[in-house]
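Geometric and topological summary
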Amino acid sequence: MVASPAKDDQAPLLSMYRYANSLDRFELLIGLVVAGAVGTAAPIRLLFLGDWFDVAGASEADVGSTMPMDTTITMVMSLVYIGTGLLFGKALAETSLRLTRERQVFEFKKAYVRSILRQDIGWFDVSRPEELATRAGESFTAVTEGLVAPLAEPVEALVGLIFGWSIAFWKNASVALCILGVAPLLFVAVVLLLRTSKGSAKRIADAYAEAGSLSAEAPAQMRTVASLGLEERVAA
């Protein structure tokens, strides 16, 4: 008999890739490296915009002068190059990570079916087989989301954060320190949001499993009522 998982039981991140082969590891490495490069796009874009606004502000302050067109063209083309690189980089990272994810999910589905078929017949008496389809759908959805988001998004955000703060301290350390003082408030808000979302996801999964169980039992119960001719009594 399979033991029920603990209420807050969570699988370690590396265990999600237990079925990964050499190709999966290579694609995962490519996706993470490119995701880190993509994370530098936003600070670089702001750097170019900041320089352009400095030139534009100086031109406005100097009465009778105009901003050179070459400066504007250079800034626009720089943003075009950054956007193009961001587009192709994001596509490469997403493709590499999603290919790996789909193969891992396929292996998890095979393992899930094998584990059900290997159970003793008594397991189906103490469990609720009618909930298996719904819970399997919820579980595989969570696995699908957990195979990409916990790796690509943190890497992209972390690289962007480090690169952005480096540029901020290089440009103006005083302003960067003021912004850094407010950062803990944002961190607390994010933690509270994640904790709330986690509890909501658990309640939603349980509700869907119960609804799937009822929908699986309903046709059989309806046939029983119809065979006994008790439709009017049950409806009343």
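Notes on the structure in this doc start here. (Residues numbered from 1 in each chain as written. Predicted model: local features only at pLDDT ≥ 70, side-chain atom pairs only at ≥ 80, totals over all residues. Heavy atoms only, no water.)

1. A word on the packing of aromatic side chains
What counts is decided by this rule: In summary, the pairing rule links any two rings of Phe, Tyr or Trp, Trp by its six-membered ring, whose centres are within 6.5 Å, and it sorts them by plane angle into stacked for under 30 degrees, edge-to-face for over 60 and tilted for everything else. What counts as a helix is a DSSP run of H or I of at least four residues, what counts as a strand is a run of E of at least two, and both are numbered from the N terminus.
Evaluation of the coordinates by the stated rule reveals two aromatic pairs. Look at Tyr-19 and Phe-108: their rings are 5.3 Å apart centre to centre, the planes differ by 85°, and that puts the pair in the edge-to-face class. Linking Tyr-19 in the segment before α1 (22-39) with Phe-108 in helix α3 (residues 69-117), this pair joins segments that are 89 residues apart in sequence. Judged by centre distance (6.0 Å) and plane angle (40°), the ring pair of Trp-165 and Phe-169 falls under tilted.

2. With respect to the packing of α1 against α3
Rules: Between N-to-C directions, angles cover 0 to 180 degrees, with each direction set by a line fitted to C-alpha atoms, over the stretch in contact for helices. Roughly parallel means an angle under 35 degrees; roughly antiparallel, over 145; roughly perpendicular, 65 to 115; everything else is oblique. With the far helix as reference, a near helix turned anticlockwise by less than a right angle produces a left-handed crossing, and one turned clockwise produces a right-handed crossing. Throughout, a contact is declared for two residues whenever any of their heavy atoms are within 4.5 Å. Under this grouping Gly is polar, as are all residues other than the nonpolar Ala, Val, Leu, Ile, Met, Phe, Trp, Tyr, Cys and Pro and the charged Asp, Glu, Lys and Arg.
Two numbers describe how α1 lies on α3: the axes approach to 8 Å, and their chain directions differ by 150°. It follows from the interaxial angle that α1 and α3 lie roughly antiparallel. As for the relative orientation of α1 and α3, their crossing is left-handed in sense. Within the contact between the two elements, α1 uses Leu-23, Asp-24, Glu-27, Leu-28, Ile-30, Gly-31, Val-34, Ala-35 and Val-38 and α3 uses Leu-86, Gly-89, Lys-90, Leu-92, Ala-93, Ser-96, Leu-97, Leu-99, Thr-100, Arg-103 and Gln-104. Among the residues forming the contact of α1 with α3, the class breakdown is 11 nonpolar, five polar and four charged.

3. Considerations on a nonpolar patch on the surface
Threshold: Exposure above 30% relative accessible area and no salt bridge define the residues that can form patches, which grow by joining like charges within 9 Å and nonpolar side chains of Val, Leu, Ile, Met, Phe, Trp and Tyr within 5 Å. A 1.4 Å probe and the Shrake-Rupley method give the accessible areas. Residues count as covered only by the protein chains that appear here. Here, a salt bridge means any side-chain nitrogen of Lys or Arg that lies within 4 Å of a carboxyl oxygen of Asp or Glu.
Taken together, the side chains of Met-69, Ile-73, Val-76, Met-77, Val-80 and Tyr-81 define a hydrophobic patch exposed on the protein surface, amounting to about 580 Å² of accessible area. Inspection of the secondary structure puts Tyr-81 in helix α3.

4. A short note on the pattern of salt bridges
Cut-off, in case you're wondering: The buried label applies to any residue whose accessible area, calculated with a 1.4 Å probe on protein chains only, is under 20% of its type's maximum; exposed applies above 50%, and partly exposed to all values in between.
The tally for this structure, following the rule as stated, stands at six salt bridges. The salt bridge partner of Glu-156 is Lys-90, with a shortest N-O separation of 2.9 Å. Here Glu-156 is found in helix α6 (residues 149-171), whereas its partner Lys-90 is found in helix α3, with 66 residues between them in sequence. Residue Glu-156 is classed as partly exposed on the basis of its relative accessible area of 24%. Taking the relative accessible area as the measure of exposure, Lys-90 reaches 34% and is therefore partly exposed. One salt bridge connects Glu-102 with Arg-101, and the closest N-O pair in it is separated by 3.0 Å. Judged by relative accessible area, which is 12%, Arg-101 ranks as buried. The network of salt bridges with shared partners includes Asp-24, Glu-27 and Arg-103.

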